[in-house]
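Chain residues, written in single-letter form:
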Amino acid sequence: MLNQMLKTTMKNRHPYIFIAPALLILILFSLIPITIAFVISFTDLNLKGLADWSSINFIGLENYTTLLTDTVFHKAVFNTLFYVVIGVPLVIISSLGIALLINYGKNLIFTVFRAVYFMPAITNIIAVAVVWGFLYNTEYGLFNYVLSLVNVDKVPWLEQPVLAKLSLIVLAVWKGIGINMIIFLAALQGIPNSYYEAARIDGAKRWQVLVYITIPLLRYSIFFVTVTTLIGWLQFFEEPFIMTKGGPLDGTVSMALFIYQRGFQFSEFGYAAAGSFVLFIVIIIVTLLQFKLKKADVDY
C-alpha cells in the first residue's frame, strides 16, 4: 500500500515541475511586490526611509484618507475614467472593423495593410511621441496646417485639458489597434467556411452573415480583447507621461502617472503605494465584474 502511494506521488509530481517556473515568476514579480506595496502603503516611506529603515513610521490609513481629499488624485481618477470610457470602445470597434475588412480582402494589398496597421504596436513609444508631437504642434503641426487650408483657426491640441485628453486618446487608439486586430484576424480565420456556405445557400445577405454568424462566433475573442484592453487603459501611462507630463493643469494625469509622480518625483513611496493599491483593487473589481457578466451571459 505504501509503495503504491509513493508511486502515485512520484507520478503526479510531473505537472508541478512544468508549472513551477511560471509559478515562481508569478510569486517573485507579482505576489511579493503586491504584498510589499500593500505593507508600504501603511507607512510614510520616503528617500530618508530607504537609507535608514528606523525612520519609517507606521501611519495606518493616513495615506488612504489623504487620497480621498487629494484634488490631484480626484482629477487622475476622472481622467482615467475619461480615457477608459472613450478609448476602450474605440480600440475594440476600430480593431474589429479593420480585421473584418482585411479578412474579407483577398488581394495582396490587404496583406500589406496587415503590416501597416500592426506597425504602431511594435514602434517605440518615444519615436511615436516625437512624430505625434510635431503633428500636434500648435504653430507648425501638420494637423493645424491642414485645417488652415480650409480657413480653420489653430487648434491647441495639447494645451487645453479636454482637448489634450482627446488628443492622447487618438494617439493611444492608433497605437493599440494592431495587436487586437491580429487577435480578431486569428479568430476570424478559425471560423469554418461551412457556416458561410450554408448562409449563402439560404440567401443571407452580408450584413446578416456578420450579425448572426461572425459576431456571435467572435464572442470569446471579443471578451478577451475587452478584458485586456480595459486593464491596459486603466493603467494608461506612457502617452500622458511622454506627451504632456500630466498637464495642462493636471488635465491629462492618469492614476498610473499620479502614482509615478508621487513615488519617483516627490519620493512619497508610501503615498504612491497607497495609490497603486487603490488602482490594483479597481482593476481586480472591474475584471471580476466582466467575468461575472460573461458567466451570466453564458448561463443565459
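Our subject in this report is the structure included herewith. (Residues numbered from 1 in each chain as written. Predicted model: local features only at pLDDT ≥ 70, side-chain atom pairs only at ≥ 80, totals over all residues. Heavy atoms only, no water.)

Describing the overall build of the protein chain
Argument step 1. When helices and strands are counted, the protein chain shows 14 helices and 0 strands.
Argument step 2. Going residue by residue from the N terminus, the α and β elements of the protein chain occur as α-α-α-α-α-α-α-α-α-α-α-α-α-α.
Argument step 3. For the protein chain, whose C-alpha radius of gyration is 25 Å, the value lies well above the compact-globule estimate of 19 Å for 300 residues.
Argument step 4. Taking the principal axes of the C-alpha coordinates as reference, the protein chain spans close to 85 × 75 × 35 Å.
Argument step 5. Counting over 300 residues, the protein chain shows a buried share of 36%. (Helix = DSSP H or I, 4+ residues; strand = E, 2+ residues; numbered from the N terminus. Rg over C-alpha atoms; globule rule 2.2 N^0.38 Å. Buried < 20%, exposed > 50% of the residue type's maximum accessible area, 1.4 Å probe, protein only.)

Focus: the packing of aromatic side chains
Argument step 1. Here the structure, examined in full by the defined rule, presents 21 aromatic pairs.
Argument step 2. Seen from their ring centres, Phe38 and Phe277 are 4.6 Å apart, and the 45° between their planes marks the pair as tilted. Within this pair, whereas Phe38 is found in helix α1 (residues 2–40), its partner Phe277 is found in helix α14 (residues 269–299), the two being separated by 239 residues in sequence.
Argument step 3. Residue Phe38 is classed as partly exposed on the basis of its relative accessible area of 34%.
Argument step 4. An aromatic cluster of three or more residues is present, and its members are Phe38, Phe42, Phe58, Tyr64, Phe277 and Phe280.
Argument step 5. Residue placement shows Lys165 over the ring face of Phe82; its charged tip is 5.4 Å from the ring centre.
Argument step 6. Sitting over the face of the ring of Tyr104, Arg206 holds its NZ or CZ atom 5.3 Å from the ring centroid. (Phe/Tyr/Trp six-rings, centres within 6.5 Å; stacked < 30°, edge-to-face > 60°. Lys NZ or Arg CZ within 6 Å of the ring centre and 35° of its normal.)

Notes on the nonpolar core
Argument step 1. Trp132, Met181, Trp233, Met243 and Phe258 are the most contacted members of the largest nonpolar core, which has 59 residues in total.
Argument step 2. Broken down by element, this core gets its largest block of residues, 14 residues, from helix α4 (residues 71–104).
Argument step 3. Every residue in contact with Trp132, bar those within four places of it in the chain, is listed here: Phe143, Val170, Leu171, Trp174 and Met243. (Core = buried A, V, L, I, M, F, W, Y, C linked by side-chain atoms within 4.5 Å. Contact = heavy atoms within 4.5 Å.)

Points about the pattern of salt bridges
A side chain of one charge can pair with a side chain of the opposite charge when the charged atoms of the two come close.
Argument step 1. Using the criterion set out here, one finds 3 salt bridges in the structure.
Argument step 2. Two residues, Arg262 and Asp70, come together in a salt bridge whose shortest N-O distance is 3.8 Å. Here Arg262 is found in helix α13 (residues 255–265), whereas its partner Asp70 is found in the loop between α3 (62–69) and α4, with 192 residues between them in sequence.
Argument step 3. Looking at Asp70, the relative accessible area reads 11%, which means it is buried. (Salt bridge = Lys/Arg side-chain N within 4 Å of Asp/Glu carboxyl O.)

Side note on a nonpolar patch on the surface
Argument step 1. A cluster of nonpolar side chains, Leu23, Leu24, Ile25, Leu26, Ile27, Leu28, Phe29, Leu31, Ile32 and Ile36, forms an exposed patch at the surface whose accessible area comes to about 920 Å².
Argument step 2. Inspection of the secondary structure puts Ile27 in helix α1. (Patch = residues over 30% accessible without salt bridge, like charges linked within 9 Å, V, L, I, M, F, W, Y side chains within 5 Å. Areas by Shrake-Rupley, 256 points an atom, 1.4 Å probe, with all protein chains shown as cover.)

Considerations on the side chain of Ser221
Argument step 1. With respect to the helices, strands and loops of the structure, Ser221 is situated in helix α11 (residues 219–234).
Argument step 2. If sequence neighbours within four positions are ignored, Ser221 has contacts with Ile183, Phe184 and Ala187.

Section: the packing of α4 against helix α8 (residues 161–189)
Argument step 1. Viewed as axis vectors pointing N to C, α4 and α8 meet at an angle of 40°, and their least axial separation amounts to 6 Å. On the basis of the axis angle, α4 is oblique to α8. In this structure, α4 crosses over α8, and the sense of that crossing is right-handed.
Argument step 2. For the contact of α4 with α8, a count of residues per class yields 22 nonpolar, 8 polar and 1 charged. (Axes fitted to C-alpha atoms, helices over the stretch in contact; angles between N-to-C directions. Parallel < 35°, antiparallel > 145°, perpendicular 65-115°, else oblique. Left-handed = near helix turned anticlockwise from the far one by under 90°. Nonpolar A, V, L, I, M, F, W, Y, C, P; charged D, E, K, R; others polar.)

Digging into the environment of Phe29
Argument step 1. Note that Phe29 resides in helix α1.
Argument step 2. A residue is classified by how much of its surface remains accessible, and Phe29, at 63% relative accessible area, is exposed.
Argument step 3. Here the alpha-carbon distance between Phe29 and His74, two residues 45 residues apart in the chain, equals 29 Å.

Worth remembering: the numbers are spatial, not functional.
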